[in-house]
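Fold and contact review
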Amino acid sequence: LHGQSVGRRREMLASMCDERARMLQDQFNVSLNHVRALAILVSTFHHEKNPSAIDQRTFAEYTERTAFERPLTSGVAYAVKVLHSDRERFERQQGWVIKRMDAQDQAPVPDDEYFTEKQQPSPVQDEYAPVIFAQNTVSHIVSLDMMSGKEDRENVLRARASGKGVLTSPFRLLKSMRLGVVLTFAVYKKHLPSDATPMERIHATEGYLGGAFDVGSLVEKLLQQLSSKQTIIVNVYDTTNASAPISMYGSENPDMVDDSMHHVSNLNFGDPIRNHEMHCRFKHKA
Ligand code: WA2
């Protein structure tokens, strides 16, 4: 009799965990598809039109009005590829200089001080990826060189060589300092063949459309929509390095956890070099 009830509890945990993992993956996929469509929008209405039909105001308005289509993102932005030889002309045209991200600075800084005091002009590099358009929620990254931050840089390089949507490891996002991941799609010059080599892709790159997934707050919101949320404890991990999983969501040492049972549901966020898992446990009855 006891064995039967343990079996039923195990099944219940598995089905609750799988349901949550499926919801998270679906919402992630919906958001990813919309970010991909934004990359095509920028290609069509910014790069392929002369003069461009998109400016910062248009981009901010469009991305704000379509934010509901990207339920797990806290903001999207567009960075353009600028070679050093073109930097001076680019900065004169924009009316601002390319700035570097301040990755060493991990302490939260009051809003209004952050970008007036901390952001420094970027030192000379072969090339840059300054943000020219941003949703209002991430307007603080306009003019920042996305190649000056470790995670963003890796994403930019991998996105443009592969032509696929790519994800960073979890890291602290700028300003909010919340744990999140960035998704990036490269934007290419028109007529790039779909079977292009990585070198051809790099050469034909115009820019990078990316979105920040604020996993901490947005996964919480998603799980709260499920009525029985309080009965299980959910953790999400980046398990790319199987021996050193990185927590993306959930408390490391929650109280009242029933460690006698543990279920792992697989998550697929579409980037073949990254692995993710959802781990679920019951809470002790109070
Ligand atoms: N967006 C928002 N907050 C961030 C961030 C980011 N990257 N990086 C650190 N904090 C314009 O992949 C191109 C967005 C990067 C896209």
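Right above here is the structure, for reference.
Because the structure is a prediction, the values reported are computed rather than measured.

Rules used in this analysis
Residues numbered from 1 in each chain as written. Predicted model: local features only at pLDDT ≥ 70, side-chain atom pairs only at ≥ 80, totals over all residues. Heavy atoms only, no water. Helix = DSSP H or I, 4+ residues; strand = E, 2+ residues; numbered from the N terminus. Rg over C-alpha atoms; globule rule 2.2 N^0.38 Å. Buried < 20%, exposed > 50% of the residue type's maximum accessible area, 1.4 Å probe, protein only. Contact = heavy atoms within 4.5 Å. Disulfide = S-S within 2.5 Å. Near = heavy atom within 4 Å. Polar contact = N/O pair within 3.5 Å; in protein donor to acceptor, adjacent residues only side chain to side chain. Areas by Shrake-Rupley, 256 points an atom, 1.4 Å probe, with all protein chains shown as cover. Nonpolar A, V, L, I, M, F, W, Y, C, P; charged D, E, K, R; others polar.

1. Re the overall build of the protein
The helix and strand inventory of the protein stands at seven helices and 15 strands. In terms of overall dimensions, the protein is globule-like: its C-alpha atoms have a radius of gyration of 21 Å, near the 19 Å expected for 286 residues. C-alpha extents for the protein along the principal axes are approximately 75 × 45 × 35 Å. The buried share among the 286 residues of the protein stands at 46%. The long-range share in the protein, meaning contacts at least 24 apart out of those at least 6 apart in sequence, stands at 69%.

2. Some details on the state of the cysteines
Tallied over the full model, the rule gives one disulfide. Here Cys 17 pairs with Cys 280 through a disulfide, and the sulfurs are 2.1 Å apart. Judged by the torsion about the S-S bond (80°), the Cys 17/Cys 280 disulfide is right-handed. Taken as a pair, Cys 17 in helix α1 (residues 2–47) and Cys 280 in strand β15 (residues 276–283) lie far apart in primary sequence, 263 residues in all.

3. Focus: the site of the ligand
With respect to spatial proximity, 13 residues lie near the ligand, and among them Ile 141, Asp 152, Leu 174, Thr 184 and Gly 210 are the closest. Between Asp 152 and the ligand, the recorded distance is 2.6 Å, taken from a side-chain N or O atom to a nitrogen atom. Starting from 400 Å² of accessible surface for the ligand in isolation, the protein chains cover 98%. At the level of elements, β10 (179–188) and β11 (205–213) are the ones that each hand at least two residues to the shell around the ligand. In terms of residue count, β11 provides more of the shell around the ligand than any other element does, three residues in total. When grouped by side-chain class, the residues that make up the shell around the ligand number ten nonpolar, two polar and one charged.

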